[in-house]
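# Coordinate analysis (summary)
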Amino acid sequence: MPFYDFACTACGKEFTVRRKLDQMDDPAPCPSCGGDETQRQLSVFYATNTGTSTAAASSPKTRVRHI
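Residues numbered from 1 in each chain as written. Predicted model: local features only at pLDDT ≥ 70, side-chain atom pairs only at ≥ 80, totals over all residues. Heavy atoms only, no water.

### Some remarks on the pattern of salt bridges
What the rule picks out here adds up to one salt bridge. In this structure, the salt-bridge partner of aspartate 25 is arginine 40, at a minimum N-O distance of 2.9 Å. Residue aspartate 25 is located in the loop between β2 (14-18) and β3 (38-40), and its partner arginine 40 is located in strand β3; the two are separated by 15 residues in the primary sequence. According to the relative accessible area criterion, aspartate 25 is exposed, its value standing at 55%. (Salt bridge = Lys/Arg side-chain N within 4 Å of Asp/Glu carboxyl O. Helix = DSSP H or I, 4+ residues; strand = E, 2+ residues; numbered from the N terminus. Buried < 20%, exposed > 50% of the residue type's maximum accessible area, 1.4 Å probe, protein only.)

If you want it as C-alpha cells, here you go:
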C-alpha cells in the first residue's frame, strides 16, 4: 500500500497516511487536532541505486536521473 501526505487546514500539521489506492482522496483525520478538514499533498518519490547494476539502469535507452 502506498503512503500519502496530508495537511490539516485547521492546525497546519502535516502527516502521512498509508492506505489503498482507491482511498487516496478520502478525508484523513488529523492526528494532532482530530479535525477532518485535511487535504492530500503532492508527494515526491525518488529511488536510489546501491551501486549494483540493474537491467533498467544499465540499458542505454534508459535515462537515470541521480538526485
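### Let's talk about the nonpolar core
Membership of the largest hydrophobic core is limited to seven residues, which are Tyr4, Phe6, Cys8, Phe15, Val17, Ala28 and Cys30. Contributing elements (two or more residues each) for this core: β1 (3-8) and β2. When residues of this core are assigned to their parent elements, the largest contribution, three residues, is made by β1. (Core = buried A, V, L, I, M, F, W, Y, C linked by side-chain atoms within 4.5 Å.)

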